[in-house]
Structure formats: C-alpha cells, structure tokens
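If you want the building blocks of each chain, they are given just below.
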Amino acid sequence: MLSIAFLLFFESYCQLAIEQLSIINSVTLKATDFYEEIPFQNKFGHFIIPVKIGDKTYDYIFDTGGYNTLISEIMKKNKLSSLMEVNVGSSNQ
C-alpha cells in the first residue's frame, strides 16, 4: 500500500529530466561578469591553482572540502590576523 502511494506521489509531483532541461535552457543571463577564470595545472589528478599572498605566489590544491589554511610563516610574513588555529597533519610534516 505504501509503495503504491509513493509511486502515485512520484508520478504526480516530479518533473522529467527533459522538462527540467527546457526550463534551464529558457533562462537568459543579464550579467556577464559574475565569474572569473582561474588558470590551473593538473598534477597527478589534483587541480593546482596559483594563489598570490603578499608578493609571493604559492601552489594550492583546489579542494572544495578542504580547510582554508595558511602556515604560520606566511601569516607572520604578511601580517595576517588569525581567525582560528588548528593543528593539521600532512605527509610532508
């Protein structure tokens, strides 16, 4: 009985992929400056992006699930204030 109710709900209230695609494709963009292309390198399957901090450029791995971290030396050199401090480990120690 529950499975029949679920199927009826699913068939009644869900859009097909083709319907969703037609809605998305019908939108026109007014703004054109809402993104910026960032150069990157693919090293061993990792996206490496150049990050300029102060007068030096560092290579960072683009990781949407990673922490935004700076080592203490970079923080001191650029006189950046600390929001919080977390000890993290790495294979490079």
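What you see is a predicted model; the values in this text were computed from it and never measured.

**Quick word on the pairing of strand S2 (residues 46-53)**
Step number 1: Sheet analysis places strand S1 (residues 41-43) next to S2, joined by three bridges and oriented antiparallel. Bridge pairing links Lys43 to His46 in S2.
Step number 2: Following S1, the chain reverses through two residues before pairing antiparallel with S2; Phe44 in that reversal takes a positive phi of roughly 55°.
Step number 3: Where S2 lies against strand S3 (residues 56-61), six bridges are found, and the strand directions are antiparallel. Its bridge partner lying in S3, Ile53 is registered against Lys56.
Step number 4: A loop of two residues connects S2 with S3, the two strands running antiparallel in sequence, and Gly54 in this loop sits at a positive phi of about 70°.

**Focus: the environment of Ile61**
Step number 1: As for its placement among the helices and strands, Ile61 is situated in strand S3.
Step number 2: The spatial distance from the C-alpha of Ile61 to the C-alpha of Asn42 is 9.7 Å, given a sequence separation of 19 residues.
Step number 3: Setting aside its immediate chain neighbours within four residues, Ile61 contacts His46, Phe47 and Ile48.

**Structural notes on the sheet that holds S3**
Step number 1: One open sheet holds the three strands; their spatial order is S1-S2-S3, and the pairing between them is antiparallel. Where the open sheet ends on each side, the last strands, each with one partner, are S1 and S3. If you compare each strand with its neighbour and ignore which way they point, the axes differ by 40° on average.

**Quick look at the packing of aromatic side chains**
Step number 1: Within this structure, the stated rule accounts for one aromatic pair.
Step number 2: An angle of 85° between the planes, with centres 5.2 Å apart, marks the rings of Phe40 and Phe47 as edge-to-face.
Step number 3: Judged by its relative accessible area of 39%, Phe47 is partly exposed.

Reading guide: rules and limits
- Residues numbered from 1 in each chain as written.
- Predicted model: local features only at pLDDT ≥ 70, side-chain atom pairs only at ≥ 80, totals over all residues.
- Heavy atoms only, no water.
- Pairing = 2+ DSSP bridges.
- Helix = DSSP H or I, 4+ residues; strand = E, 2+ residues; numbered from the N terminus.
- Contact = heavy atoms within 4.5 Å.
- Axes fitted to C-alpha atoms, helices over the stretch in contact; angles between N-to-C directions.
- Phe/Tyr/Trp six-rings, centres within 6.5 Å; stacked < 30°, edge-to-face > 60°.
- Buried < 20%, exposed > 50% of the residue type's maximum accessible area, 1.4 Å probe, protein only.

Nothing here speaks to function; it is all geometry.
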